[in-house]
Amino acid sequence: MRIMFIDDERRRMQLYVEELEDSGHEVVFEDDVDSALKSLGDPIERFDLIVLDISMARGTSFAFEDTLGGSRTGLAVYDKIRSVRPAIKVVAFTNVADRRVAERFQSEDRRFCRFVRKPETLPFQFAELVGKFLGGTE
Amino acid sequence: MSAAKLKMIAKSLREMEISREEHDQPGGEGALERRLPPSLKRWERRTTAFLNMSAELNNVSRNGSAAVVVSATELHERAWKAEHILNVVLDDVETPISARRAAINYIGVDEDLIASPLIQEKLVHLAMHHPDPELRRTAWLHLCRHHSQMPLLSGSRNGDGNFGRERMRSLFKEFISQRSPLGPRGTLLQSAEVNREHEGLVSELLGALSRAEGDRKEIALTLSEIGGEEAALRLTDALRSEIEEHSDDEDYQVYLTSSLSNLGGSAATEELIRTLESGSGRVRLAALSGLESLATAGSIALTEYPEPATIESAEMRDAYLKLAERLHGVIGTSTVPPFVRHKADELLDTIRISLNSFEHRSNILGGDPSKDQYSTLA
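Report follows, based on the coordinates. Remember, it's a predicted structure, so these values are computed and weren't measured experimentally.

Focus on the packing of helix H1 (residues 14–22) of chain A against helix H5 (residues 123–135) of chain A
All names here are of chain A. Two numbers describe how H1 lies on H5: the axes approach to 8 Å, and their chain directions differ by 45°. Taken together, H1 and H5 sit at an angle that is classed as oblique. Crossing hand, H1 versus H5: right-handed. Together, Leu15, Tyr16, Glu19 and Leu20 of H1 and Pro123, Phe124, Phe126, Ala127 and Val130 of H5 make up the contact between the two elements. Its residues assigned to classes, the contact of H1 with H5 comprises eight nonpolar, no polar and one charged.

Examining the packing of aromatic side chains
All names here are of chain A. Applying the stated criterion across every chain, the model contains eight aromatic pairs over all chains. Centroid distance Tyr78 to Phe105: 5.0 Å. Interplanar angle 70°. Geometry classified as edge-to-face. Linking Tyr78 in helix H3 (residues 73–84) with Phe105 in helix H4 (residues 99–106), this pair joins segments that are 27 residues apart in sequence. Taken individually, Tyr78 and Phe105 each receive the classification buried, so the pair is uniform in this respect. With centroids separated by 6.1 Å and ring planes inclined at 15°, the aromatic side chains of Phe105 and Phe115 adopt a geometry described as stacked.

A look at the sheet that holds strand S5 (residues 113–117) of chain A
Residue and element names in this part refer to chain A. Judged by pairing direction, the sheet is parallel, and its five strands sit side by side in the order S2-S1-S3-S4-S5 without closing on themselves. One side of each edge strand has no neighbouring strand; the edge strands of this open sheet are strand S2 (26–30) and S5. Within the sheet, the average angular offset between the axes of one strand and its neighbour, ignoring direction, is 20°. Two strands pair when backbone bridges link them, and strand S1 (residues 2–6) and S2 are joined in this way by five bridges, in the parallel orientation. Paired with Arg2 across the bridge in S2 is Glu26. Across the sheet, H3 touches strand S3 (49–52), strand S4 (89–94) and S5, and the angle it forms with S3 is around 165°. In this fold H4 packs onto S4 and S5, with an angle of close to 150° to the strand it touches most, S5.

Conventions adopted
Residues numbered from 1 in each chain as written. Chains lettered and ligands numbered in written order. Predicted model: local features only at pLDDT ≥ 70, side-chain atom pairs only at ≥ 80, totals over all residues. Heavy atoms only, no water. Axes fitted to C-alpha atoms, helices over the stretch in contact; angles between N-to-C directions. Helix = DSSP H or I, 4+ residues; strand = E, 2+ residues; numbered from the N terminus. Parallel < 35°, antiparallel > 145°, perpendicular 65-115°, else oblique. Left-handed = near helix turned anticlockwise from the far one by under 90°. Contact = heavy atoms within 4.5 Å. Nonpolar A, V, L, I, M, F, W, Y, C, P; charged D, E, K, R; others polar. Phe/Tyr/Trp six-rings, centres within 6.5 Å; stacked < 30°, edge-to-face > 60°. Buried < 20%, exposed > 50% of the residue type's maximum accessible area, 1.4 Å probe, protein only. Pairing = 2+ DSSP bridges.

Here it is, written out as structure tokens:
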């Protein structure tokens, strides 16, 4: 499966990316929100799942106020994703324990959205979770 | 084998945690930096160390028992926390902005962490001195949100001292007497210029607000008389935090609203509109009064009746149009108190006159504004 991994801390995520690749997935890493949105807006680009960080640089696509200083950039990106890819599976993958962010994602349709916290999830666990989500068994 | 590795990682993390706890005790300043192993003091090696720790935990638990997985996951969380704390508190120029921002955002929503004196001190430092303006603002935002959640401390913020009520009021009177006191310093579109003679004081006052020191109401008001765009942005963030976190300090919100009404600019205007849409009754009225002052160029201070302002550019016209649309929305929202909607309607009438006058002048001068662009506001 082809996965887009959107996170501005590429180095910090390398273990998670390696686990996904070792599980047989192709991972396209985007550490820039603008570039990620451009790819997602291109109908030729096929992705089966998006892993989406929440706290990250807002790029030029969003205002500071709309992303709460970058702490909720992922929320704004998610809304844009849904507008162009309404049925794509998304894993919101964050280190931020913001209750309101969690509630927002947890209220989404579970067929297409999951919320996972980085500190609580070891890389191999993350790969297993993604595998099950893609396979519809989790 | 796995137990030994887990034990080693637990020991390293515990040492870091003890150092931080020690720093937060009276007389413990500097404990964290003193006791931290050299390998953790610079970002490059620190990141490698924590990545290796993550890899170790991952490998140990991959085929481990359930108990091992539980232990490894718990240590993983603690390691994550420790790394983020270090990325905030260490004055390490190598730490990239993305890592600092992630760390600030992690800490900012953790009530225990952000209450730590060590972390507060470092966040204040970042908010005031980091070279990246957006990172400064992010640190500031989290400080504001934390302060807005603190219970109101009666009297303790209003006392004497460098940033107390008496000194702030005295400064405010002095500054306002140095200019024409009527009308705001900024406009709907443009923030006031910072008063260069008092730039140092602007910084001091922002620092005091970041530490929740002194009488913050009077500090905000004094800032409005000497501050510029950065002060406007900071006070905008403070007001937004107060409202979104449902702070019970309504007085402070009213003072912030008044301050933004003086400073002006597009960010301040936007925040006043948002406050009009979502604040408490008293604060909404203050926001409306502020928007009236900005939209009428302060004429209400002179005549006690809002006179339509002269719109002098297409850019200004767009700002007035946007304000008019938002007022229209407020008037049509049944959850907004009736007296607020009534006052908003009055302001909208005044703005319509300004917009129509601009259109009329543009037509005379040969411009081509759409005649219908105001029809939706009727």
